[in-house]
Amino acid sequence: RFAPNIADFETWLKNDLQILRNSGFLEVGKSEEAEEVSWREYLTKKNEGGIGRSLYEIQLRQWFRAFREAGRDPRTQIYIVRTEDMHNDVQRTMK
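Structure report, in brief. Because the structure is predicted, anything quoted here is derived from the model rather than measured.

1. Some thoughts on the overall build of the chain
Right, so step 1: In terms of helices and strands, the chain carries six helices and zero strands.
Right, so step 2: Relative to the compact-globule value of 12 Å for 95 residues, the chain shows a C-alpha radius of gyration of 16 Å, a clear excess of over 25%.
Right, so step 3: The principal-axis extent of the C-alpha atoms belonging to the chain is close to 40 × 35 × 25 Å.
Right, so step 4: Counting the 95 residues in the chain, one finds 20% classified as buried.
Right, so step 5: Partitioning the intrachain contacts of the chain with sequence separation of at least 6 by distance along the chain shows that 34% fall at a separation of at least 24.
Right, so step 6: Carbon and sulfur atoms provide 53% of the accessible area of the chain, an area that totals close to 7500 Å².
Right, so step 7: When the 16 positive and 16 negative side-chain charges of the chain are each reduced to one mean point, those points stand 3 Å apart.

Here you go:
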């Protein structure tokens, strides 16, 4: 969902930040396990927030775990591409 104007966009981001706070996700010093619990709480809010959905590390962590549980090595199955690398050299990045 993209906001039609800047005021709506700012409200959308503020709301997402509040949902992240309320879920406990932004608390400093949490264990990985506690962070995952907070992340699941965030996801229950059915929010397609711009901030939360851009936190790729925790989402990748879940994918890596799923691959390991399926008996596969995620390092050989998941290809992570940084935007900077694509921007700088598409051909080399996609080899």
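What follows picks up the thread again.
2. Observations concerning helix H2 (residues 32-43)
Right, so step 1: For H2, which comprises 12 residues, the first-to-last C-alpha distance of 16 Å matches the rise-based estimate of 16 Å (1.5 Å per residue) to within 8%.
Right, so step 2: When we look at burial in H2, the residues that qualify are Glu-36, Ser-38, Trp-39 and Tyr-42. One face of H2 carries all of its buried residues, which in axial projection span an arc of 165°.

3. Observations regarding helix H3 (residues 56-69)
Right, so step 1: An ideal rise of 1.5 Å per residue puts 20 Å on 14 residues; H3 measures up with 20 Å between its terminal C-alpha atoms.
Right, so step 2: Inspection of H3 places Ile-58, Gln-59 and Arg-61 among the buried residues, and these make up the whole buried set. The arc enclosing the buried residues of H3, seen along the axis, measures out at 155°, which places them on a common side. Turned more than 90 degrees from where H3 packs its buried face, Tyr-56, Glu-57 and Trp-63 sit exposed.
Right, so step 3: Among the structural elements, H2 are those in contact with the buried residues of H3.

Definitions and limits used
- Sequence order as written defines residue numbering, which begins from 1 separately in each chain.
- Owing to the predicted nature of the model, reporting of local features is limited to residues with pLDDT of at least 70; listing and counting of side-chain atom pairs is limited to 80 or more, with chain, interface and lining totals taken over all residues.
- In computing side-chain properties, one takes all heavy atoms of the structure into account and sets aside hydrogens as well as water.
- The helix and strand labels rest on DSSP assignments: H or I over at least four residues marks a helix, E over at least two residues marks a strand, and numbering proceeds from the N terminus.
- Atoms counted for the radius of gyration: C-alpha only. Globule rule: 2.2 Å times the number of residues to the power 0.38.
- A simple rule labels every residue: compare its accessible area, found with a 1.4 Å probe on the protein chains alone, to the largest value its type can have, and call it buried under 20%, exposed over 50%, or partly exposed in between.
- The contact definition used throughout considers only heavy atoms, calling two residues in contact when any of these lie within 4.5 Å.
- For the area figures, the Shrake-Rupley method with a 1.4 Å probe applies, and any residue is considered shielded solely by the protein chains shown.
- Under this rule, positive means Lys or Arg and negative means Asp or Glu; His and the chain ends count for nothing.
- Lys charges are placed at NZ, Arg charges at CZ, Asp charges at CG and Glu charges at CD.
- Residue count minus one, scaled by 1.5 Å, sets the expected span of a helix.
- Arc definition: directions from the helix axis to the C-beta atoms.

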